Amino acid sequence: MYFRPMSDQARIQELVVQLNEHNHRYYVLNNPTISDYAFDQLLQELQALEQQYPQWALPNSPTKRVGGDITDRFEKVKHQYPMLSLSNTYSREEIMEWESRATKLLTGSGDLFSNHLHEFALELKYDGLAISLSYENGQLVRALTRGDGEVGEDITVNARTIRSIPLQLRGNFPERFEIRGEVFMPKDVFERINAERSEAGEELYANPRNTAAGTLKQQDSAEVAKRGLDCFLYAVLGDNLPFSSHADAMQAAMDWGFKTPLAFPRYFEVTRSVQGIMDFIAHWDIQRHHLPFDIDGIVIKLNTYSDQNELGLTAKSPRWAIAYKFKSESASTPLLDMTYQVGRTGAITPVAHLQPVVLAGTTVKRASVHNADQIRKLDLAIGDCVFVEKGGEIIPKITGVDPTAANPHRVPIVFIEHCPECGSALVRQDGEAQHYCPNEDGCAPQRIGKIEHFVSRKAMNMDGLGSETVSGLYGAGLLPNYAAIYSLKPEQLIGLELTVGAEDDSKKRSLQKKSVDNLMAGIEQSKAVPFERVLFALGIRFVGETVAKKLAKAFVSIDAIAQANMESLLAVDEVGEKIAASVLAWFERQEHRDWIEQLRAAGVQLELDASQQPAAESNVLAGKTVVVSGVFEHFSRDGIKASVEANGGQIVGSISKKTGLVIAGDKMGPEKKKKAEDLGVPVLSENEYLRLIGK
Ligand code: IVH
C-alpha cells in the first residue's frame, strides 16, 4: 500500500501539540512523562522545521518561550475590565465584621435564619505582580500589567516565557475571555539569583517581589526566560462564562491548562462559616513560611457570581472580597555585636549578632546586613534596638533602628578596613557594593572556600569530602589547597582527630575507616570529571559554569588557556574584559601553575577528551592568531573558524600588530584591509588559505 509520510506542516502542528502537553505536565502538573533530553530533542526538531518553513510557524509555538524579542518600550493598552484592588485589613475582627456585613446585605437585614448560607472562597494572597491575560480561540493573545488599573502595559513577549502560562488552551474553553493572576518569583530562584550576583560582586536584590517586577519589565525577553518566573491565576472574566461561581471558574481554568491553587493542598477552600475563614487564616499564618513563594495575606471572596453581583463594587474595589494581610513578622531586639565573614571569593559580609528573639516561630540570633552602605544607611550602633524581619530570604534582615529605644551614648558602627582573618587591607572596586579581601591565596576562609568549591557537586563532585572535613583537614595542615587532595593517603587519615565546627562551638571528631574509603573512592572518581568542570572547579573569579564551558571549547586544553592573551580570551563568546583579566591574573601566579602540575600528575582531565575536540587537521597555523572577516565561498562563518582551529590557529576578534594572519573573504571592510596592511599583518584570500592548509 502507498504510504504517505506526514507533511512537514503537519509535523509542525503535531510537535506544537506534543510540546505544549509536555510543558503543561512539567510546569503545571509537576508530573513530566518524558526526560528533559527527549523534550529538548522535540523542541529542536520544531525549531529546525520553523526555521525552514517560517510561513508555517504557529503564533503560539513553544519555541517562542525562549524569548529573544527586544522591545523599545511597552505599549500602553486600556483594560477591557478595569483591574480593581482589594480592600484589606490586618485585623481579624474586621474580617468578622466584613463577613457579617456581607451576609446581612445578601439576606436582607433581620433574616436571622438564612445566616451562613453563603459560600466564601478562600485563597492565598500571592505577593507578586498582577497580570491580565487575554485568550481568543484558545490562544494567548495579550498580557497586560495592572498599570494604574485602567491602562496597563503590553508585556506579552515576556509573559510568553513564563512556563506555567499556557500559550494554547486545552478542553472546552470560551471563545474569548480574560484571566487574571499574579506573577511571582519562587524563593529558591530568588536565592539562586542573589547567590550568583554576590559571586559576581553585584548588588543584591531586595526581595522576590521586586525582582519579579523588575524582570517582567525587562526589555529583553530572553533574559526574562532565564529568570524562572511563575504565575498563579485567581480570576476569570468574560461575557457569558459557562459557570456560576469562582470555585467552578478555577476548576475550569485548571482544565484549560492554567496553574490554579486547586492543584495544591489547602491553597484554596470553600467555606460557609466564619470559623472556616478564621481556621484558614490561622493555618497560613504559620504555614506560609514553608511555602515555596511569598504570600502577604489571604483573600476571602464570595464564591457565587450571583452573590458577588448583589454586593457589587465601590469605585476602587469589590465589596464581595477582602484581603486579610499578615503583619510582616518583625521583632525588636538589641544589636550585640557585628562580625565580618569572609567568603570564598574574599567578599566581606557583615553579620549582626542579636539578643536571641523569636521571629516567625524560630529563634533568631543573627541577621545579615548586606554591606558597608547598608550599615551606613541603617545607621547602626552596637547597643541599638533593631527591627529584624523575615522577608523572602531565609536569613532574617535588619530593617531599621527602633527609635523608641535609642541609646544616648551610641557610637555608629564603622565598617572594618582590614580582613578579620588575615589582616590585609580591604578593597572595594568602583561600582561594586562589596568589600573584598585581596589576599586570595593567604587568607584561610578563602583557601578553605576554594577547596569546598573544588569538591562541590557541580565541580569535581567528590563524595565524602564535606565542608567539616575540608576545614578539619585544612586545620590539620594536610590540605593547604585543593591540589593537595590528590596526595592524601588513607594511612594518614584513618583515626585522625579533626577539630570541626565554628570557633565558639567546636568539637573533635576522628575519621573512621569507612569514611576514609569513601573519600578515597570520591577522589579517584573525580579524575574522570571532564575538563570543562575541572576548569570551573579551579575557582577563577568570574569563571562560572557557562564561561568554563566556553573557554574549554575554545581553547581545548589548560595549557592553551594558560598561554592565552587578552585578545584571544576576548574572542571567546561571553568573555569580556573583567573575565579575561581575571583569567590572566590567575595564571600569572606561580602557585596556581604548581597546582595545575599537581593535578596533571594525579591524572585529572586538563583537556577536552578526543570526542569533544574538533579533529585536528594540521599544524600549519600553530601559534598564530587569526582574524577572519567577510563572507566565504567554501565555509560558513563558524566553519572557517573551526577550520582555523583544526589547523592549530587561534581565532581573535580584531586586528592588532600581534595578529598573525588575516583571512579576507568577500565584502571585507576596506578599513580593516588598510589596518592590516598598515600594521604589516599578512592578508590571505580564501583560495590562498585553502592552499595553505593543503586543500
Ligand atoms: S483578586 C477584584 N486574588 O492583590 C479583585 N488578588 O490588592 C481582584 N492578589 O492587584 C483581585 N493574590 O495583584 C485576588 N488570590 C488573589 C490574589 C490577589 C494576590 C493581588 C492582586 C491585586 C492585589 C489587590
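Residues numbered from 1 in each chain as written. Predicted model: local features only at pLDDT ≥ 70, side-chain atom pairs only at ≥ 80, totals over all residues. Heavy atoms only, no water.

Examining the overall build of the protein chain
Helix and strand content of the protein chain: 24 helices and 22 strands. Once the C-alpha set of the protein chain is aligned to its principal axes, its extents read approximately 95 × 80 × 55 Å. Per-residue burial over the protein chain gives 46% buried out of 695 residues. Counting only contacts in the protein chain whose residues sit at least 6 apart along the sequence, the fraction spanning at least 24 positions is 67%. Taking the average place of the 76 positive charges on the side chains of the protein chain and the average place of its 92 negative ones, the gap between the two points comes to 1 Å. (Helix = DSSP H or I, 4+ residues; strand = E, 2+ residues; numbered from the N terminus. Buried < 20%, exposed > 50% of the residue type's maximum accessible area, 1.4 Å probe, protein only. Contact = heavy atoms within 4.5 Å. Lys, Arg positive; Asp, Glu negative; His and termini not counted. Charge placed at Lys NZ, Arg CZ, Asp CG, Glu CD.)

Remarks on the pairing of strand E7 (residues 176–184)
Across the 9 residues of E7, 8 count as buried, placing the element largely inside the fold. Sheet analysis places strand E4 (residues 129–136) next to E7, joined by 8 bridges and oriented antiparallel. Paired with Ser 134 across the two strands is Glu 178, which belongs to E7. Of the strand pairs in this sheet, E7 and strand E8 (residues 230–237) are connected by 7 bridges, and their pairing is antiparallel. (Pairing = 2+ DSSP bridges.)

Topic: the site of the ligand
For the ligand, the full set of nearby residues is Leu 86, Glu 123, Leu 124, Lys 125, Tyr 126, Ala 130, Glu 182, Tyr 234, Val 299, Lys 301 and Pro 318. A distance of 2.7 Å is found between a nitrogen atom of the ligand and a side-chain nitrogen or oxygen belonging to Glu 123. For the ligand, a nitrogen atom lies 2.9 Å from a polar atom in the backbone of Leu 124. Protein contacts shield 87% of the accessible area of the ligand, which totals 520 Å² for the unbound molecule. Mapped onto the shell around the ligand, the elements with two or more residues apiece are strand E3 (120–126) and strand E10 (295–302). Residue classes in the shell around the ligand are distributed as 7 nonpolar, no polar and 4 charged. (Near = heavy atom within 4 Å. Polar contact = N/O pair within 3.5 Å; in protein donor to acceptor, adjacent residues only side chain to side chain. Areas by Shrake-Rupley, 256 points an atom, 1.4 Å probe, with all protein chains shown as cover. Nonpolar A, V, L, I, M, F, W, Y, C, P; charged D, E, K, R; others polar.)

Overview of the sheet that holds strand E22 (residues 683–685)
If you walk across this open sheet you meet the 4 strands as E20-E19-E21-E22, and the pairing is parallel. Of all the strands in the sheet, just strand E20 (650–651) and E22 have a single pairing partner and so form its edges. Bridging between strand E19 (residues 625–629) and strand E21 (residues 661–664) involves 4 bridges; their strand directions are parallel. The residue of E21 that forms the bridge with Val 627 is Val 662.

Things to note about helix H12 (residues 444–455)
In this model, H12 (12 residues) spans 17 Å end to end at C-alpha, consistent with the 16 Å of a helix rising 1.5 Å per residue. Buried residues dominate H12, accounting for 10 of its 12 residues. Of all the positions in H12, only Pro 445, Gln 446, Arg 447, Ile 448, Gly 449, Lys 450, Ile 451, His 453, Phe 454 and Val 455 are classed as buried. Each element contacted by the buried residues of H12 is listed here: strand E12 (330–342), helix H13 (467–475), helix H16 (531–537) and helix H21 (590–602). (Expected span 1.5 Å × (residues − 1).)

Examining empty space enclosed by the protein
One pass over the structure, following the stated rule, counts 1 cavity of 30 Å³ or more. Put simply, the largest cavity is a space of about 40 Å³. The dominant element in the lining of the largest cavity, judged by the number of residues it contributes, is H12, at 3 residues. Classifying every residue of the lining of the largest cavity gives 3 nonpolar, 2 polar and 4 charged. (1 Å grid on protein atoms, 1.4 Å probe; cavity = no way out; pocket = protein on both sides within 12 Å on 5 of 7 lines; lining within 4 Å. Points joined across faces, edges and corners; volume = space filled by probe spheres on them.)

A few points about the pattern of salt bridges
What the rule picks out here adds up to 35 salt bridges. We note a salt bridge from Asp 373 to Arg 376, for which the minimum N-O separation is 3.6 Å. Here Arg 376 and Asp 373 lie together in helix H11 (residues 372–378), a separation of 3 residues that amounts to about one turn. Looking at Asp 373, the relative accessible area reads 29%, which means it is partly exposed. Given a relative accessible area of 58%, Arg 376 falls into the exposed group. The salt bridge involving Arg 447 is made with Glu 591; its shortest N-O contact spans 3.0 Å. Highlighted residues: Arg 447 in helix H12 and Glu 591 in helix H21, separated in sequence by 144 residues. Among the charged side chains, a network of salt bridges with common partners joins Arg 11, Glu 14 and Glu 45. (Salt bridge = Lys/Arg side-chain N within 4 Å of Asp/Glu carboxyl O.)

A few points about the nonpolar core
Phe 454, Ile 485, Tyr 486, Leu 535 and Leu 551 are the most contacted members of the largest nonpolar core, which totals 59 residues. Those residues in contact with Tyr 486 that sit more than four places away from it in its chain are Phe 454, Met 460, Met 462, Ile 523, Ser 526, Lys 527, Leu 599, Ala 602 and Val 604. The next biggest cluster of nonpolar side chains, apart from the first, holds 39 residues, and it includes Ile 165, Leu 169, Phe 190 and Phe 268. (Core = buried A, V, L, I, M, F, W, Y, C linked by side-chain atoms within 4.5 Å.)

Quick word on the side chain of Glu 686
Tracing the backbone shows Glu 686 in helix H24 (residues 686–692). Owing to a relative accessible area of 10%, Glu 686 belongs among the buried residues under this scheme. At 2.7 Å, the side chain of Glu 686 and the backbone nitrogen of Glu 633 are in polar contact. Filtering out sequence-adjacent residues up to four positions away, Glu 686 remains in contact with Phe 632, Glu 633, His 634, Phe 635 and Ala 664.

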